[in-house]
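Breakdown of the fold
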There are 2 protein chains.
Amino acid sequence: MQLETRPVRIGIIGLGPRGETLLANLLAMTGEVEIVAVCDLQEARINKILGILAKAERTQPKAFSNYQEMLALPELEGVLIPTSWNSHLQIARDAMAQGKYAGIEVGGATSLDELWQLVHAAEATGVSCMMLENCCYGRNELMALNLARKGLFGELVHCSCGYEHDLAYMACEIENGFERALHNLHRNCDLYPTHGLGPIAKILRINRGNRFISLTSTASKARGFAAAAEKNNWQGCAGHKVFNMGDVVTTVIRCAQGETITMTHCVSLPRPYSRCCRVQGTKGIWLEDAGGIFIDGISPTCQQIDVAGNPYTVHKWNKVEEFYQQYDHPLWQEFRRNPIGGHGGMDILTLRAFLAAIRDHAEPPIDVYDCAAWMSITCLSEQSIALGGMPLPCPDFTNGKWFNRTPAPPSIWCLDEVYEK
Amino acid sequence: MQLETRPVRIGIIGLGPRGETLLANLLAMTGEVEIVAVCDLQEARINKILGILAKAERTQPKAFSNYQEMLALPELEGVLIPTSWNSHLQIARDAMAQGKYAGIEVGGATSLDELWQLVHAAEATGVSCMMLENCCYGRNELMALNLARKGLFGELVHCSCGYEHDLAYMACEIENGFERALHNLHRNCDLYPTHGLGPIAKILRINRGNRFISLTSTASKARGFAAAAEKNNWQGCAGHKVFNMGDVVTTVIRCAQGETITMTHCVSLPRPYSRCCRVQGTKGIWLEDAGGIFIDGISPTCQQIDVAGNPYTVHKWNKVEEFYQQYDHPLWQEFRRNPIGGHGGMDILTLRAFLAAIRDHAEPPIDVYDCAAWMSITCLSEQSIALGGMPLPCPDFTNGKWFNRTPAPPSIWCLDEVYEK
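Residues numbered from 1 in each chain as written. Chains lettered and ligands numbered in written order. Predicted model: local features only at pLDDT ≥ 70, side-chain atom pairs only at ≥ 80, totals over all residues. Heavy atoms only, no water.

Here we take up the relation of the copies chain A and chain B. Of the transformation superimposing chain A on chain B, the axial component is 0.0 Å and the angular component is 180 degrees, with the fit at an RMSD of 0.0 Å. Both copies are brought into coincidence by an operation consistent with a two-fold rotation axis. Among all C-alpha atoms of chain A, that of alanine 290 of chain A lies closest to the rotation axis, at 2.4 Å. The fraction of interface residues of chain A whose copies in chain B are also interface residues reaches 100%, indicating that both copies meet through the same surface. (Least-squares fit on C-alpha atoms with pLDDT ≥ 70 in both. Contact = heavy atoms within 4.5 Å.)

What follows is the structure, encoded as structure tokens:
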């Protein structure tokens, strides 16, 4: 893969497990990035990271326990912020206020206010906040974007997505302070919307000609975490036996252009992983759980006869893999020749997109309006559930700019249009 | 399959295409049923049916154009009512008022009132109304019931279901008066809930210890029917170019015991058929679209290592077919030794269940409360969509009897408990 190689000077705020994972990916990207500063409240974590960098024979970064001091460094161009969900949005706001690009991790918001603050900081400074939503660079998601922009699905009508991942062990991580476990304990909502919703929002042109307009959300009873905790003899639960998070949360979003999105959040029950994506239009559909694509006129059909002698048509799936050769997104056509990094390469692609935006002083492919719209689903779903499934309006974080916002500048990282070199 | 063979004396009201299909199945059931009366407003249809019966060397039934006159026949024990959706509930009410068991076809209601009338008629006379919901006797649905009752899914938490079937050609059947086309033209709702919801409602013990408590419903834009009509040069549309029915309607139901059900109705877009069933509990899941079952402790898992060196567990699907040998429902274990009839045998099984209830003067396995609860989803979803996704209450058609209604009398046809002979 051909790359601009000027190393971008970044800092990392938050050196916990996700910070270590990001670091592992950054270390694989020779010559693309320089880590000039690191920050954590815990000295042990700083020392661990410095040790990893020393072992990799990289320049030692400046170390900070106060992120505001770190943000004042003039050489710093951007920061990655793998801190807790209750802090990363405020830190991102402060980073942008200092003119630094902010790379935040996935997650959902606790209030609309913290999202508006993010938007205001970006609008005031001209730098942006990119969510490092690696699933936007997943192979199938990018291929679906490609198929959508080539018109193979026809006019888009409906999508679904979700996060279904057995993380019931988190019930036993309350005592050790694992933050996500506390969200599961105290909240009832789609806590983790963006792995599914990010790619779908891009495909539906959210914030660029479309927007989320309203949603309803409904939670099932909560049994999975308690069952997992009981199986572990309630070790690690800090005395808690009731978890507020419904096992399956279903959220239905309406979009301004008439599309609907059905979302599923399920992290407390045993089952195979899925982001249960579906992209459907007047001419075809991709359905992740079926591993299939059906495109009218391309995919197979056959005629059968019913018991009364009447003919009917049977549609059959193509396997998703059958479309790779012809319809892989250009980025993946290049990437599969040089696959590196975690999560099937998605992490590396996402970091490269962030670094490219900083290097070019450009709008990142996932910008502050995307961050705000996607993350708002969490607090809105929480409110809708609390109100018995009441439909609630989704804010327009662009204040009307979505009518005619053009796609981000053409680049191979662009998630709005498919860029063919 | 061992059967009671006293022929049950039934009549058929409505001799259109669905009536013909029912007749084809009835003719395959030698010695189980006698068709003593038929009724239709069109003489040509009556003559066609009489001809089919003559050719099959069956006794000629009495023929009627007025169904009330037919219902007065003392020898008649029950009636099948494959008439239009706008008439079959009133006819069923009148049949029960005359002491005849009523077998109605699938579909949804246009008002709650017509469902209350059905309930009142059954309660007043002691005979019941059975919906001939053949999908309740589908192999996978019955196996899921079996797995649920054996506890393999653990405590049930969430289900989904739907009706996804490309019937866009119906856009061109307005001029010929095809009734369902008129529903698609004028209404916006989950028009066809019961193929998916029937089996799921049985698995969740709806009306016997559980009930639907509220729902929200959301419709996508409507493009599919118009696209199909345009492709046909608007022939058959009677001048209509706008169809009210959203292409994808998503309905989310909450149950009294805390389970949720997500429903999808999509009949105007090209895609493979699916009833998109999902049955999920604290220990496992069946997911129709994945063709898979995962049961904790039975299905395979493996350990993998992420980019940062941390282990994680991967759950893998069993194919549904792997469970047939051990977990096929007893009814299917018997049926697969003698497979006859349409829709993979489901139609025959359903008719046999109806005839058995009449023969034994017993409660049918799908009773009037089931009919009312299932069919109410259509008009409630229509109202919720009209109100922007507002949550609406589901009526308790049992008036509290659901607290402690026991399962229908044990029989192999029972859909509440799994009857082992």
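So, on to the interface of chain A and chain B. Contacts between chain A and chain B engage 54 residues on the former and 54 residues on the latter. Summing the contributions of chain A and of chain B, the shared interface buries around 4500 Å²; its carbon and sulfur component is 62%. Viewed at the interface, chain B and chain A are joined by ten salt bridges. For aspartate 296 of chain A, the salt bridge is made with lysine 231 of chain B, and the minimal N-O distance between the two is 3.3 Å. The tally of links between chain A and chain B comes to 20 residue pairs in polar contact (both at pLDDT 80 or more). (Buried area = accessible area lost by both parts, 1.4 Å probe. Salt bridge = Lys/Arg side-chain N within 4 Å of Asp/Glu carboxyl O. Polar contact = N/O pair within 3.5 Å; in protein donor to acceptor, adjacent residues only side chain to side chain.)

Moving on to the environment of serine 111 of chain B. Residues and elements named next belong to chain B. Structurally, serine 111 is set in the loop between β5 (101–104) and α5 (112–125). Serine 111 gets classed as partly exposed once you look at its relative accessible area, which sits at 26%. In the structure, serine 111 is positioned 117 residues away from alanine 228 in sequence and 29 Å away in space, judged by C-alpha atoms. A distance of 3.4 Å separates a polar atom in the side chain of serine 111 from the backbone nitrogen of aspartate 113. Within the structure, serine 111 has its side chain in polar contact with the backbone nitrogen of glutamate 114 (distance 3.2 Å). (Helix = DSSP H or I, 4+ residues; strand = E, 2+ residues; numbered from the N terminus. Buried < 20%, exposed > 50% of the residue type's maximum accessible area, 1.4 Å probe, protein only.)

This brings us to the sheet that holds strand β2 (residues 33–39) of chain A. All names here are of chain A. Across the sheet, which stays open at both edges, the six strands sit in the order β3-β2-β1-β4-β5-β6 with parallel pairing between neighbours. At either margin of the open sheet sits one strand with a lone partner, and together these are β3 (62–64) and β6 (129–131). Taken pair by pair, the neighbouring strands of this sheet meet at an average axis angle of 25 degrees, ignoring direction. Here six bridges tie strand β1 (residues 8–13) to β2, and the two strands are oriented parallel to one another. Among the inter-strand pairings, isoleucine 12 is bridged to a residue of β2, identified as valine 38. Along the sheet, helix α2 (residues 43–55) contacts β2 and β3; its crossing angle with β2, the most-contacted strand, is approximately 160 degrees. (Pairing = 2+ DSSP bridges. Axes fitted to C-alpha atoms, helices over the stretch in contact; angles between N-to-C directions.)

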